[in-house]
Amino acid sequence: MKNLVVGAGFSGATIANLIATQLDEEVVIIDKKDHIAGNCFDYRDENGIMIHKYGSHIFHTKSEKVWAYLKQFTDFNTYMHKVVGYLDGIEAQIPFNFNTLYQVFPKTMAKNLEEKLLDNFAYNTKVPILEFQKQDDDDLKYLANYVYEKIFLHYTTKQWGVPPKDVDGAVTARVPVYLSKDNRYFQDKYQGIPLEGYTKVVEKMLDHKNIEVRLNTEFKDVDASKFDRIFYTGPIDEYFNYKFGQLPYRSVNFKFETHNKEYYQSNACVNYPCNYDFTRIHEYKYYLGDKSEKTVIAKEYSEFFELGKNERYYPIPKDENTVLYNKYLEETKKLDNVYFLGRLGDYKYYDMDKAILRAIELFEEVCK
Ligand SMILES: Cc1cc2nc3c(=O)[nH]c(=O)nc-3n(C[C@H](O)[C@H](O)[C@H](O)COP(=O)(O)OP(=O)(O)OC[C@H]3O[C@@H](n4cnc5c(N)ncnc54)[C@H](O)[C@@H]3O)c2cc1C
């Protein structure tokens, strides 16, 4: 069998690797970009700092299967992501937790709120912010309004370009109040950054005698009839020439700056929920502990995706978009031996581990 994989991000690289190694079949993997690794592409700059070109990527998973699969290609450091945000000029933990309480309020006030929270919620649980707002107690109502206003409202509006009422519940549920003292952003068992970066991981996944990588190659310029199976990780609407219309995405513009100092900020990621037009600043040297007298940061600005102008980043979860996606999904059923996967093929936000798992499961379903 000859296989064509469109897109050399984690989804494409996983399926290509499994077909080549487990079925001993030929795979041609193409990408329209001049590099592999898709959105997870990273590189060392002239200062020796590992830069994540399309935004900070922190690997985290609960899946033993994904962890075991990736460990064939890389070791990870023990980086566990933490986020701080500027709230009223104070650097405080995000998501809002018991430590944040003591960072932003006077001690007696924080203690009172902590006790009321413990009376009303189970310790170590996450309560979505919109749920948290449903309070009877005046003090907790005050706290809920504080978190809503200072952490949620402006950040969500900047990130999605619309007021929170127009943002899907699936997205707002991701912004919790965490009734815990755990400052980590993720609680997954396995977390870290690949020691040689993500691009190296994908390079190793694709380093096989059965795999041919063709960069700067668009799907439309390839003779698809020469292949027995096609795995398509590009945008599903583009595959069908946008016949039902374009699927909307949020995009992100990263403005990179190099500074002549060892560190720019106290943490890898600092959120600015209430100030400025950017949502957050990433400082890359934290992820692998890179040593340099200089430092590189990226200010992250959210914007709408416009074809030909910027990149697709986040599918926008909304009923009308699901309806549109489902029309394309129906079309895929008329095709033989063409399979869609990945964040663009499935029109679905996947963390890296979920994208890899989806590719492993599709391989098991289609190829075994
Ligand atoms: C800002 C941001 C931050 C993120 N941070 C994290 C994080 O911290 N942790 C985490 O686990 N996940 C994170 N993710 C998610 C992660 O980026 C995805 O899980 C991952 O990129 C999915 O890989 P993919 O292969 O499905 O898609 P992609 O990486 O986008 O790969 C698709 C590839 O297909 C190529 N392609 C598209 N159309 C064509 C065509 N017509 N012809 C040829 N090639 C084509 C593209 O050039 C691209 O290289 C983040 C995502 C974003 C947007």
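Analysis parameters
- Within each chain, residue numbers correspond to sequence positions counted from 1 in written order.
- Residue-level local features of this predicted model are given only where pLDDT is at least 70; pairs of side-chain atoms are given and counted only at 80 or more, and the full residue set underlies all totals for whole chains, interfaces and linings.
- Helix numbers and strand numbers start at the N terminus; a helix is a DSSP run of H or I with at least 4 residues, a strand a run of E with at least 2.
- Throughout, radius of gyration means the C-alpha value; the globule benchmark is 2.2 Å times the number of residues raised to the power 0.38.
- Any residue whose C-beta has 12 or fewer other C-beta atoms within 10 Å is treated as exposed, any with 20 or more as buried, and any in between as partly exposed, C-beta atoms being built from the backbone.
- The start and end points of each domain follow an automatic or database-based domain assignment.
- Here, any two strands with at least 2 DSSP bridges between them count as paired.
- Lines fitted to C-alpha atoms define the axes, with helix axes restricted to the stretch in contact, and inter-axis angles between N-to-C directions lie between 0 and 180 degrees.
- All residues are tested the same way: a C-beta atom is placed from the backbone, and lying within 6 Å of a molecule or strand makes the residue near it.
- Residue polarity is assigned by list, with Asp, Glu, Lys and Arg as charged and Ala, Val, Leu, Ile, Met, Phe, Trp, Tyr, Cys and Pro as nonpolar; anything else, Gly included, falls into the polar class.
- Nonpolar core, as used here: buried Ala, Val, Leu, Ile, Met, Phe, Trp, Tyr and Cys residues forming one set through C-beta atoms within 7 Å.
- Two residues form a contact once the distance between their C-beta atoms, set from the backbone, is within 7 Å.
- Residue count minus one, scaled by 1.5 Å, sets the expected span of a helix.
- Bend is computed residue by residue as the angle between axes fitted to the seven residues ending at the residue and the seven residues starting at it.
- The arc in question is the one traced by the directions running from the helix axis out to the C-beta atoms.

1. Overview of the overall build of the chain
Each helix and strand counted, the chain has 13 helices and 18 strands in total. Relative to its length of 368 residues, the chain is compact, with a C-alpha radius of gyration of 22 Å against a globular reference of 21 Å. Per-residue burial over the chain gives 35% buried out of 368 residues.

2. Some words on unusual backbone geometry
The linkage connecting Ile 94 with the following residue, Pro 95, adopts the cis geometry, with an omega of 0 degrees. Within the chain, Ala 37 stands out as a residue other than glycine whose phi angle is a positive 85 degrees. Positionally, Ala 37 belongs in the loop between strand E2 (26–30) and strand E3 (42–44). Of note in the backbone geometry, Tyr 242 takes a positive phi value of approximately 55 degrees without being a glycine. As for its position among the elements, Tyr 242 is in the loop between helix H9 (236–239) and strand E13 (249–259).

3. Some details on the domain arrangement of the chain
Accessible area lost during the coming together of the parts is what is often quoted as the interface size. Domain parsing of the chain yields domain 1 (2–79 + 190–246 + 316–367) and domain 2 (83–178). Computed from C-alpha atoms alone, the centre-to-centre distance between domain 1 and domain 2 is 35 Å.

4. So, the pairing of strand E16 (residues 295–304)
For E13 and E16, the ladder comprises 10 bridges, and the chain directions are antiparallel. Counterpart to Glu 257 in the pairing with E16 is Ile 297. Here strand E15 (residues 280–283) runs beside E16; their pairing, made up of 4 bridges, is antiparallel. Among the inter-strand pairings, Arg 280 is bridged to a residue of E16, identified as Glu 300.

5. Looking at the sheet that holds strand E1 (residues 2–6)
The parallel open sheet is built from 5 strands, whose spatial order is E11-E2-E1-E12-E18. With partners counted over all chains shown, the strands left at the sheet margins are strand E11 (211–214) and strand E18 (338–340), one partner each. Sheet twist, expressed as the mean angle between neighbouring strand axes with direction ignored, is 15 degrees. Sheet topology note: the strand E12 (residues 229–232)/E18 ladder contains 3 bridges and is parallel. Paired with Tyr 232 across the bridge in E18 is Phe 340.

6. A closer look at the site of the ligand
Taken together, 34 residues lie near the ligand, and Gly 7, Gly 9, Gly 38, Gly 234 and Gly 342 sit nearest. When contributions to the shell around the ligand are tallied by element, the ones reaching two or more residues are helix H1 (10–22), helix H12 (342–345) and helix H13 (352–367). Here the residues of the shell around the ligand sort into 15 nonpolar, 12 polar and 7 charged.

7. Things to note about the nonpolar core
If you look at the biggest cluster of nonpolar residues, it comprises 57 residues, and the most contacted ones within it are Val 5, Ile 15, Ala 16, Ile 29, Val 202 and Leu 206. With 7 residues, H1 is the largest single contributor of residues to this core. When residues no more than four places from it in sequence are discounted, the contact partners of Ile 15 are Val 5, Phe 231, Leu 341, Ala 359, Leu 362 and Phe 363. Counting residues in each nonpolar core, the second largest holds 21 residues, with Phe 98, Leu 101, Leu 117 and Val 147 among its members.

8. Section: the environment of Glu 320
Tracing the backbone shows Glu 320 in helix H11 (residues 319–332). Classification of Glu 320 by C-beta neighbours within 10 Å gives exposed; the count is 9. Taking the C-alpha atoms as reference points, Glu 320 and Leu 87, 233 residues apart in sequence, are found 35 Å from one another.

9. A short note on the environment of Tyr 328
Within the fold, Tyr 328 resides in helix H11. Classification of Tyr 328 by C-beta neighbours within 10 Å gives buried; the count is 22. If sequence neighbours within four positions are ignored, Tyr 328 has contacts with Ile 236, Asp 237, Phe 240 and Phe 244.

10. As for the sheet that holds E16
If you walk across this open sheet you meet the 7 strands as E7-E6-E14-E15-E16-E13-E17, and the pairing is mixed. Because the sheet does not close on itself, it has two edges, and the strands there are strand E7 (90–94) and strand E17 (314–315).

11. Topic: helix H6 (residues 138–160)
Look at H6: 30 Å from first C-alpha to last across 23 residues, which is about the 33 Å you get at 1.5 Å a residue. Within H6, the axis deviates most sharply at Glu 149, by approximately 40 degrees. Listed as buried for H6 are Leu 143, Ala 144, Val 147, Lys 150, Ile 151, Phe 152, Tyr 155, Thr 156 and Trp 160. In the segment just after H6, Gly 161 is the residue with positive phi, at about 75 degrees.

12. A closer look at the pairing of E15
The side chains of a regular strand alternate, residue by residue, between the two faces of the sheet. Along E15, one buried face is formed by Arg 280 and His 282 and the opposite face, lined by Ile 281 and Glu 283, is buried too. Where strand E14 (residues 269–271) meets E15, 3 bridges bridge the pair, whose relative direction is antiparallel. Its bridge partner being in E15, Cys 269 is matched across the sheet by His 282.

13. Observations regarding helix H8 (residues 198–206)
Among all positions of H8, only Tyr 198, Thr 199, Val 201, Val 202, Met 205 and Leu 206 are buried. End-on, the buried residues of H8 take up no more than an arc of 160 degrees, which puts them together on one face. Residues of H8 that are buried make contact with H1, E2, E3, helix H2 (64–71) and E11.

14. Some points on the environment of His 57
Mapped onto the secondary structure, His 57 falls in the loop between strand E4 (50–52) and strand E5 (59–61). His 57 sits in the buried class, given 20 other C-beta atoms within 10 Å. Apart from the residues lying within four places of it in its own chain, the contact partners of His 57 are Cys 40, His 52, Tyr 198 and Met 352.

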